[in-house]
Amino acid sequence: MKPPKPSIKRLLLWTGIAAVALAILTGSLVWYVYHSVKSTADRMYEPIERITPMRVSKDASVPKKPEAAPLPGKLRAFTVLLLGVDQREQDSGRSDTIVVMTVNPAKHSAFMLSIPRDSRTAIVGRGTTDKINHAYAFGGVPMSVATVENFIDYPIDYYVKVNMEGFEKLIDAVGGVEVDNPFAFDYLKHHFERGHLSLNGEEALLYSRMRYDDPHGDLGRNTRQRDILQALMNQALNLSSITHIHSLLGKLGDSVRTNIPFGDMKRFAIDYRPAIKSIDSAEVQGKGRTIDGIWYYIVDDAERDRIQGLIKGHMLN
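Here the structure is a predicted model, which is why all the values come from computation and not from measurement.

(A) Expanded view of the overall build of the protein. Regarding its fold elements, the protein presents eight helices and 14 strands. Considering the protein as a whole, with its 317 residues, one finds that 48% of them fall into the buried category. The contacts in the protein between residues at least 6 apart in sequence include a share of 67% that link residues at least 24 apart. Roughly 16600 Å² of accessible area belongs to the protein as shown, and the carbon and sulfur atoms make up 57% of that amount.

In structure tokens, the structure reads:
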């Protein structure tokens, strides 16, 4: 005797139930991921009080912004100050890595300017001239932002501060980075061959920190840091789903502070990321000089004009 065939009505009923269950499960997952990401983003969010209004000395058309405004409907260009901070116990630390990033979706590109940490400049809010990375030690992120704004003669919309532990986690979260190493060297019992390298977070951190065995000293280290950051940004642009972003933020919640609100983060991930096709980079040029027994990196007026032109040029649509 053949088993009875299920009726069309019963089949449609069970199909409908399965579809509803799948929709509920999918919706629950999206809800969980969304709120989990938002919770982490809220933990990372740390707005700052500007020390002084941005002083624009050469281009009065550049806007003065006390704090980043919410992004309007149109995709606009914006600036970000990236600070890699080496914090220690009983010490606020210094910003070992200082990078200004401009993002312009109209040009489908981002641009990174690496500023040597020993660059001699006015420290805004303190009334002294010192190494640019000392601004963080003297006044934290607000003084760093104001000092960099003055140095590049352009306002900073956002900042992202990452401690060294977060730097390592970030690279692991995107699956590592690839760089081309110009020469072989050893650092803290780790050997880096010359040529193309695939690095995990720990390796990338060591690779970017070596200085004394580099023939170019601190400038060589700045170049390696910029290479790591550029490779990291390229990896981040290739993240394919919200679950990847969820995993990424989850690992960085305690290591990153930023004034980018969650709503803007969503826009960057959904609208901006597909628009950015390339990332270019440059480094501030200068010469070393000892003043009153202290070594500084001196950036002359012509170089300041050059880097300011690069930034302003990339921000124009």
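There is more to say after this.
(B) Quick look at the pairing of strand β3 (residues 109-114). Most of β3 is tucked away: six of the six residues are buried. Taking every second residue as pointing to the same face, both faces of β3 are buried, with Ser109, Phe111 and Leu113 on one and Ala110, Met112 and Ser114 on the other. With six bridges joining them, β3 and strand β12 (residues 278-283) adopt parallel strand pairing. Bridging across to β12, Met112 finds its partner in Ser281.

(C) Inspection of helix α3 (residues 164-173) at higher detail. By the burial criterion, the buried members of α3 are Met164, Gly166, Phe167, Leu170, Ile171 and Ala173. Gly175 sits one or two positions beyond α3 and adopts a positive phi of about 90°.

(D) Main features of the packing of aromatic side chains. According to the stated counting rule, one finds nine aromatic pairs in the structure shown. Centroid distance Phe78 to Tyr158: 5.7 Å. Interplanar angle 85°. Geometry classified as edge-to-face. Taken together, the positions of Phe78 in strand β1 (residues 78-88) and Tyr158 in strand β6 (residues 158-163) put the pair 80 residues apart, joining distant regions of the chain. Each member of the pair, Phe78 together with Tyr158, is buried. Among the aromatic side chains, those forming a connected cluster through ring pairs are Phe78, Tyr158, Phe268 and Tyr272. Sitting over the ring of Phe185, Arg224 keeps its end group 5.5 Å from the ring centre.

(E) Region of interest: the packing of helix α2 (residues 134-152) against helix α8 (residues 301-315). Their axes nearest at 8 Å, the elements α2 and α8 cross at an angle of 100°. Comparing the axis directions of α2 and α8 gives the class roughly perpendicular. Only Arg304, Ile307, Gln308 and Ile311 of α8 make contact with α2, whose side of the interface consists of Asn150, Phe151 and Ile152. Taken together, the residues of the contact of α2 with α8 sort by class into four nonpolar, two polar and one charged.

(F) Representation of the packing of α3 against helix α4 (residues 201-209). At their nearest, the axes of α3 and α4 sit 7 Å apart, and the two run at 125° to each other. Taken as axis vectors, α3 and α4 run oblique relative to one another. As α3 packs across α4, the resulting crossing turns out to be right-handed. Every residue of α4 that contacts α3 at Met164, Phe167, Glu168, Ile171 and Asp172 is listed here: Gly201, Glu202, Ala204, Leu205, Ser208 and Arg209. The class makeup of the residues in the contact of α3 with α4 is five nonpolar, two polar and four charged.

(G) View of unusual backbone geometry. One non-glycine residue with positive phi stands out, namely His108, at about 55°. Tracing the backbone shows His108 in the loop between β2 (91-104) and β3. Of note in this structure, Lys189 is not a glycine but carries a positive phi near 65°. Tracing the backbone through its elements, the reader meets Lys189 in the loop between β8 (185-187) and β9 (190-192). On the basis of relative accessibility, which here comes to 91%, the residue Lys189 falls in the exposed class.

(H) Representation of the environment of Met101 within the structure. With respect to the helices and strands, Met101 occurs in strand β2. Relative accessible area serves as the criterion here: at 5%, Met101 is assigned to the buried category. Discounting chain neighbours no more than four positions away, the residues touching Met101 are Phe78, Thr79, Val80, Phe111, Met112 and Met233.

(I) Focus on the nonpolar core. Counting residues in each nonpolar core, the largest one holds 42 residues, and the members touching the most others are Val177, Leu199, Tyr207 and Ile228. Sequence-distant contacts of Val177, that is, excluding residues within four places in its chain, are made with Ile171, Leu197, Ser198, Leu199, Ala204, Ile228, Ala231 and Leu232. If you look at the next biggest cluster of nonpolar residues, it comprises 27 residues, including Phe111, Leu113, Ile115 and Tyr136.

So, how was this worked out
Residues numbered from 1 in each chain as written. Predicted model: local features only at pLDDT ≥ 70, side-chain atom pairs only at ≥ 80, totals over all residues. Heavy atoms only, no water. Helix = DSSP H or I, 4+ residues; strand = E, 2+ residues; numbered from the N terminus. Buried < 20%, exposed > 50% of the residue type's maximum accessible area, 1.4 Å probe, protein only. Contact = heavy atoms within 4.5 Å. Areas by Shrake-Rupley, 256 points an atom, 1.4 Å probe, with all protein chains shown as cover. Pairing = 2+ DSSP bridges. Phe/Tyr/Trp six-rings, centres within 6.5 Å; stacked < 30°, edge-to-face > 60°. Lys NZ or Arg CZ within 6 Å of the ring centre and 35° of its normal. Axes fitted to C-alpha atoms, helices over the stretch in contact; angles between N-to-C directions. Parallel < 35°, antiparallel > 145°, perpendicular 65-115°, else oblique. Nonpolar A, V, L, I, M, F, W, Y, C, P; charged D, E, K, R; others polar. Left-handed = near helix turned anticlockwise from the far one by under 90°. Core = buried A, V, L, I, M, F, W, Y, C linked by side-chain atoms within 4.5 Å.

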